[in-house]
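Structural overview
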Amino acid sequence: MSIGIVILGRQGAGKGTQAVRISETFGVVHISTGDMLRAAAAEGTELGLEAKLIMDAGNLVPDDVINGIVKERLLKQDAQRGGFLLDGFPRTVGQAEALSGYVGGKLQLAINLDVPIGEVIARMLERGRDDDTTEAITRRLELYEVKTAPLLDWFSDEGILEVVDGSGTEEAVFERLVSAVSKVHAV
Ligand code: AMP
């Protein structure tokens, strides 16, 4: 059966880099909502341009918009067959509820890639993306605590939450992630 994994954690925790490596290692499709929105912005679609304004301010794209994008992506054959690793989604309880409605029992693991606030701020300032201004970083971290952190309890109640320490070298974190994913899915 194909598997569904979500990776949660503050922005700057290293989710993107690790998600790419994990999806290659386990043969699942990497779905990053941030990458999808940035691609739409670069193409200059109406949705993309609206999303860019929201992203640059550090705000969240409305649930109904992002839920629709993710649903469509999950329906594609690669994700249906090979399973998926969602990176950057869900970010609100409303998104988690929508996701569980789409995929139900396929969702087998929610990883919290845990990195302290001080460390993620330093990493984001080094990264220098368009939306990595001090104001947007502050706003995103606020929204994470208010909107996304409650998902940790939500997934814990579902019995699928694993906390992985995201501090240290990329390699050390990757090894911790591989061992967490290996509990539910063979390499
Ligand atoms: P990320 O690449 O995951 O850091 O996302 C970059 C930006 O895209 C976020 O700060 C949000 O503005 C937007 N975004 C990405 N994923 C979502 C989501 N699941 N819900 C709402 N907004 C999102």
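The preceding data block contains the structure.
Residues numbered from 1 in each chain as written. Predicted model: local features only at pLDDT ≥ 70, side-chain atom pairs only at ≥ 80, totals over all residues. Heavy atoms only, no water.

Attention shifts here to the site of the ligand. Around the ligand, the surrounding shell holds 16 residues, and the nearest of these are Gln11, Thr33, Asn59, Gly88 and Arg91. Between the ligand and Gln95 there is a distance of 3.0 Å, counted from a nitrogen atom to a side-chain nitrogen or oxygen. Here the ligand loses 96% of its free accessible area of 480 Å² to cover by the protein chains. Per-class residue counts for the shell around the ligand are six nonpolar, six polar and four charged. (Near = heavy atom within 4 Å. Polar contact = N/O pair within 3.5 Å; in protein donor to acceptor, adjacent residues only side chain to side chain. Areas by Shrake-Rupley, 256 points an atom, 1.4 Å probe, with all protein chains shown as cover. Nonpolar A, V, L, I, M, F, W, Y, C, P; charged D, E, K, R; others polar.)

With that settled, consider the environment of Lys147. Following the sequence through the fold, Lys147 ends up in helix α8 (residues 134–148). Residues in contact with Lys147, not counting those within four places in the same chain, are Leu60, Arg91, Thr92 and Val93. (Helix = DSSP H or I, 4+ residues; strand = E, 2+ residues; numbered from the N terminus. Contact = heavy atoms within 4.5 Å.)

The first and last C-alpha atoms of helix α1 (residues 15–26) sit 16 Å apart over twelve residues, in line with the 16 Å expected at 1.5 Å per residue. The first or second residue beyond α1 is Gly27, which carries a positive phi of 70 degrees. (Expected span 1.5 Å × (residues − 1).)

Our next topic: the pairing of strand β1 (residues 4–8). Extensive coverage of β1 is indicated by the burial of five of its five residues. With burial as the criterion, each face of β1 is covered, one bearing Gly4, Val6 and Leu8 and the other bearing Ile5 and Ile7. The pairing of β1 with strand β3 (residues 84–87) spans four bridges and is classified as parallel. From the neighbouring strand, Gly4 faces β3, where its bridge partner is Phe84. Bridge count between β1 and strand β4 (residues 107–114): five bridges; the pairing is parallel. The partner of Gly4 across the bridge, within β4, is Leu107. (Buried < 20%, exposed > 50% of the residue type's maximum accessible area, 1.4 Å probe, protein only. Pairing = 2+ DSSP bridges.)

Bringing the pattern of salt bridges into the picture now. Applying the stated rule across the entire model yields 15 salt bridges. Linking Glu170 and Arg21 is a salt bridge whose minimum nitrogen-to-oxygen distance equals 3.0 Å. Residue Glu170 is found in helix α10 (residues 170–182), and its partner Arg21 is found in helix α1; the two are separated by 149 residues along the sequence. One salt bridge in this structure joins Asp131 and Arg140, with 3.3 Å as the shortest N-O distance. Accessibility classification places Asp131 together with Arg140 in one group, the buried group. (Salt bridge = Lys/Arg side-chain N within 4 Å of Asp/Glu carboxyl O.)

Take the sheet that holds strand β2 (residues 29–32) next. Taken in spatial order, the five strands of this open sheet run β2-β3-β1-β4-β5, and their pairing is parallel. Two strands lie at the open edges of the sheet, namely β2 and β5 (161–165), each paired on one side alone. Across this sheet, the average inter-strand angle for adjacent strands is 20 degrees, counted without regard to direction. Sheet topology note: the β4/β5 ladder contains five bridges and is parallel. Opposite Asp114, over in β5, you have Asp165 as the bridge partner. Sheet strands touched by α1: β1, β2, β3 and β4. Its angle to β3, the strand with the most contacts, is close to 175 degrees. (Axes fitted to C-alpha atoms, helices over the stretch in contact; angles between N-to-C directions.)

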